Amino acid sequence: MKQSMFEISQEPLSVEDLVAKVTRRECGAIATFIGTVREFTQGKQTLQLEYQAYESMAIKKLQQIGQEVEEKWPGATVAISHRIGLLQISDIAVIIAVSTPHRKAAYEANAYAMERIKEMVPIWKKEYWHDGTKWIGDQAGETPYPLGEPHGGGESHD
Amino acid sequence: MIKVLLFAQLQEESGQNEINLELAPITIKQLKELLIRDYSIRTFDNVMVAVNEEFAQEEEVVKNGDIVAFIPPVSGG
């Protein structure tokens, strides 16, 4: 079951599916994050996005994020699905669902999981504009990795 | 044989997503130099490397059967 909690998918994502994966009797809260394709970034119009993943490693890294969350927020259960391929404006690119006994941990764990995805899961997006295309690195486009490895978040297990 | 995987702009620069090379043993640093020389890769600045799906450093030596993936800054989400 663990395997299917973290998926890379060519198909449209379903919030209901993710919520169902983390729903448990002992939980009183489920926080979902839905990442969608934005039309305008700093005034520039996006026509569509293409996502690519190093799938096998991306799934391993999503599983790692799940473990980190469970260590930091005991009792939390995480499911993450990321879509790849060509996406249109407002399509869902990523869904994170976290269930916890109490709500505060669900919000925090969910935000943490998204930050970690942006740091180290091998998924890339290509922007398509009226005047060209570009593979975008780390949103701002300019984070160097002097150690050859991203080192964000707190890896408390190390 | 080493299997080299390229993604995002590295894939576009080289025109390939997978390259198989009979070069082991070789360091990642040497592998980068060769890819720039022979496969039209412009730069590996800010590009991370994973050997067999775990992040690795430039000095690491790659062996026969290893899968080396070059990972540009990620942009999931």
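Cut-offs and rules
Residues numbered from 1 in each chain as written. Chains lettered and ligands numbered in written order. Predicted model: local features only at pLDDT ≥ 70, side-chain atom pairs only at ≥ 80, totals over all residues. Heavy atoms only, no water. UniProt positions renumbered as here; feature names shortened; annotations may be inferred. Pairing = 2+ DSSP bridges. Helix = DSSP H or I, 4+ residues; strand = E, 2+ residues; numbered from the N terminus. Axes fitted to C-alpha atoms, helices over the stretch in contact; angles between N-to-C directions. Contact = heavy atoms within 4.5 Å. Buried area = accessible area lost by both parts, 1.4 Å probe. Salt bridge = Lys/Arg side-chain N within 4 Å of Asp/Glu carboxyl O.

For chain B, the name recorded in an unreviewed UniProt entry is Molybdopterin synthase sulfur carrier subunit, with Halalkalibacter hemicellulosilyticusJCM 9152 as its organism. Listed under Function (unreviewed entry) in UniProt, the entry text for chain B is "Involved in sulfur transfer in the conversion of molybdopterin precursor Z to molybdopterin." Here chain B is described in UniProt, under the heading Subunit (unreviewed entry), as follows: "Heterotetramer of 2 MoaD subunits and 2 MoaE subunits. Forms a stable heterotetrameric complex of 2 MoaD and 2 MoeB during adenylation of MoaD by MoeB. During catalysis MoaD shuttles between the two heterotetrameric complexes."

As recorded in an unreviewed UniProt entry, chain A goes by Molybdopterin synthase catalytic subunit and comes from Halalkalibacter hemicellulosilyticusJCM 9152. In its Catalytic activity (unreviewed entry) section, UniProt records this for chain A: "2 [molybdopterin-synthase sulfur-carrier protein]-C-terminal-Gly-aminoethanethioate + cyclic pyranopterin phosphate + H2O = molybdopterin + 2 [molybdopterin-synthase sulfur-carrier protein]-C-terminal Gly-Gly + 2 H(+)". Listed under Sequence similarities (unreviewed entry) in UniProt, the entry text for chain A is "Belongs to the MoaE family."

What follows covers the sheet that holds strand β1 (residues 2-6) of chain B. Taken together, the 5 strands give an open sheet; going across it, the order is β2-β1-β7-β4-β5 (chain B), and neighbouring strands pair in mixed fashion. The open sheet has two free edges, formed respectively by β2 (18-21) and β5 (54-56) of chain B, since each of these has just one partner strand. Recorded for the sheet is a direction-independent mean angle of 30° between the axes of neighbouring strands. Those strands touched by helix α2 (residues 55-72) of chain A are β4 (48-51), β5 and β7 (67-71) of chain B, and its axis lies near 100° from that of β5(B). Together, β1, β2, β4, β5 and β7 of chain B form the strand contacts of helix α2 (residues 28-38) of chain B, whose direction differs from that of β7(B) by roughly 65°.

Turning next to the interface of chain A and chain B. The interface is formed by 34 residues belonging to chain A together with 25 residues belonging to chain B. Of the roughly 2400 Å² buried between chain A and chain B, counting both surfaces, carbon and sulfur atoms make up 54%. Of all residues in chain A, the largest losses of buried area upon contact with chain B belong to A:Y54, A:W124 and A:W135, amounting jointly to 26% of the total for that side. Taken together, the connections running from chain A to chain B amount to 4 salt bridges.

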